Amino acid sequence: MTTTSRTDPRVIRTRQLIRDAFIELLQEIELEKITVNRIAERATINRVTFYLHYKDIPDMMDKLSEDMITEIQAIISTFPHEYEFKIQIMIRLLEHIASHSDFYKVILASKRIPIFTERLMKLFADAITKRYETHEISPTSINIQKDIAIWYGSSAIIGTIVCWLRNDMPYTPHYLASQLSELLHIPQTDSLSASPK
């Protein structure tokens with residue numbers, strides 16, 4: 001995952017080694033069996049180096065999930081205008097997930113590690129909530145409670161991405177984004193926008 005440009009390249013490299021080692025180990029053994037020693041050995045670093053970056057494994061997972069959300073938020077922020085949001089964000093998001101499929105296949109599709117799934121769910125829920133607040137969509141027009149619509153929308157996106165990853169991404173990000181936009185009523189033209197409450 002990316003970090004700020006001011007970070008020392010050696011720090012970025014070491015964290016990447018740790019992240020890759022963690023993902024590789026998750027593909028082989030259960031999370032509970034992963035230790036700092038195992039991560040350090042797989043990453044070809046020593047324990048001291050690991051502790052220079054993270055307090056422990058939960059702290060490492062917390063920071064990795066923060067990196068994940070930061071990257072996705074950066075994708076969303078590249079489309080500041082409402083019109084551009086309509087499908088391009090979903091395409092960019094799916095392209096990002098596809099380009100880091102080794103990471104997402106493990107933390108979302110295989111192990112379904114709560115800290116990653118929950119933070120991603122919250123990110124999607126917040127994005128859907130914003131659409132309601134800006135009147136881009138209105139659940140009351142179809143007799144659905146706002147919170148239920150948000151739960152459904154965010155769960156549907158996560159669930160679809162998980163199945164897409166588990167099936168080795170049989171559809172391109174662009175095609176899957178267009179299908180999701182139809183299912184979740186993400187407007188692609190102004191004529192599809194819902195009227196204000």
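Here's what I pulled together on the structure shown here. (Residues numbered from 1 in each chain as written. Predicted model: local features only at pLDDT ≥ 70, side-chain atom pairs only at ≥ 80, totals over all residues. Heavy atoms only, no water.)

1. Comments concerning the overall build of the protein
Heads up, the condition is: Helical segments are the DSSP runs of H or I of at least four residues, strand segments are the runs of E of at least two, and each set is numbered from the N terminus. Note on exposure labels: buried denotes an accessible area under 20% of the residue type's maximum, exposed denotes more than 50%, and partly exposed covers the range between, all computed with a 1.4 Å probe on protein chains only. Here, residues are in contact when the closest pair of their heavy atoms is within 4.5 Å. Accessible surface is estimated by sampling points in the Shrake-Rupley manner with a 1.4 Å probe; for residues, cover comes only from the protein chains shown.
Within the protein, the regular secondary structure consists of nine helices and zero strands. Reading the protein from its N end, one meets helices and strands in the order α-α-α-α-α-α-α-α-α. For the protein, the residues scored as buried account for 42% of the 197 residues in total. Residue pairs in contact within the protein that sit at least 24 positions apart in sequence constitute 65% of those at least 6 positions apart. For the protein, the accessible area works out to roughly 11,200 Å², and carbon and sulfur atoms hold 54% of it.

2. So, the packing of aromatic side chains
Selection rule: Centres within 6.5 Å make a pair out of two Phe, Tyr or Trp rings, where for Trp the six-membered ring is used; the pair is then stacked when the planes are under 30 degrees apart, edge-to-face when over 60, and tilted otherwise.
Applying the stated criterion across every chain yields a total of five aromatic pairs. Relative to Tyr-51, the ring of Phe-50 has its centre 5.5 Å away and its plane inclined at 90°; by these criteria the two rings are edge-to-face. Of the residues examined, Phe-50 reaches a relative accessible area of 0% and is grouped as buried. Taking the relative accessible area as the measure of exposure, Tyr-51 reaches 38% and is therefore partly exposed. Relative to Tyr-175, the ring of Tyr-171 has its centre 5.4 Å away and its plane inclined at 35°; by these criteria the two rings are tilted. The exposure class assigned to Tyr-171 is partly exposed, which follows from its relative accessible area of 47%. Three or more aromatic residues joined by ring pairs make a cluster, and in this case those are Phe-50, Tyr-51 and Tyr-54.

3. Some thoughts on a nonpolar patch on the surface
The cut-off we apply is this: Two distance rules govern patches: like charges are joined within 9 Å, and nonpolar side chains (Val, Leu, Ile, Met, Phe, Trp, Tyr) within 5 Å, applied only to residues with over 30% relative accessible area and no salt bridge. Salt-bridge detection follows one rule: a side-chain nitrogen of Lys or Arg within 4 Å of a carboxyl oxygen of Asp or Glu.
A cluster of nonpolar side chains, namely Ile-144, Ile-148 and Trp-151, defines an oily patch on the protein surface of about 300 Å² accessible area. Structurally, Ile-144 is set in the loop between α7 (114–133) and α8 (146–166). With a relative accessible area of 33%, Ile-144 lands in the partly exposed category.

4. Looking at the nonpolar core
Cut-off, in case you're wondering: To qualify as a nonpolar core, a set must consist of buried Ala, Val, Leu, Ile, Met, Phe, Trp, Tyr and Cys residues joined through side-chain atoms within 4.5 Å.
With 54 residues, the main nonpolar core has Phe-22, Ile-39, Met-60, Met-68, Tyr-104, Ile-107 and Leu-120 as its most contacted residues. Looking at which element gives the most residues to this core, the answer is α8, with nine residues. The residues touching Leu-120, leaving out its near neighbours within four places in the chain, are Met-68, Ile-69, Ile-72, Leu-108 and Ile-158.

5. Examining the pattern of salt bridges
In the structure shown here, the tally under the stated rule is nine salt bridges. Between Asp-62 and Arg-119 there is a salt bridge, and its shortest N-O distance comes to 2.3 Å. With a gap of 57 residues between them, Asp-62 in helix α4 (residues 57–77) and Arg-119 in helix α7 connect regions that are remote in the sequence. The class of Asp-62 is partly exposed, set by a relative accessible area of 21%. Between Lys-122 and Asp-126 there is a salt bridge, and its shortest N-O distance comes to 2.9 Å. Here the residue Lys-122 and the residue Asp-126 both occupy positions in helix α7, the gap between them amounting to four residues, near one helical turn. Given the relative accessible area of 39%, Asp-126 is considered partly exposed.

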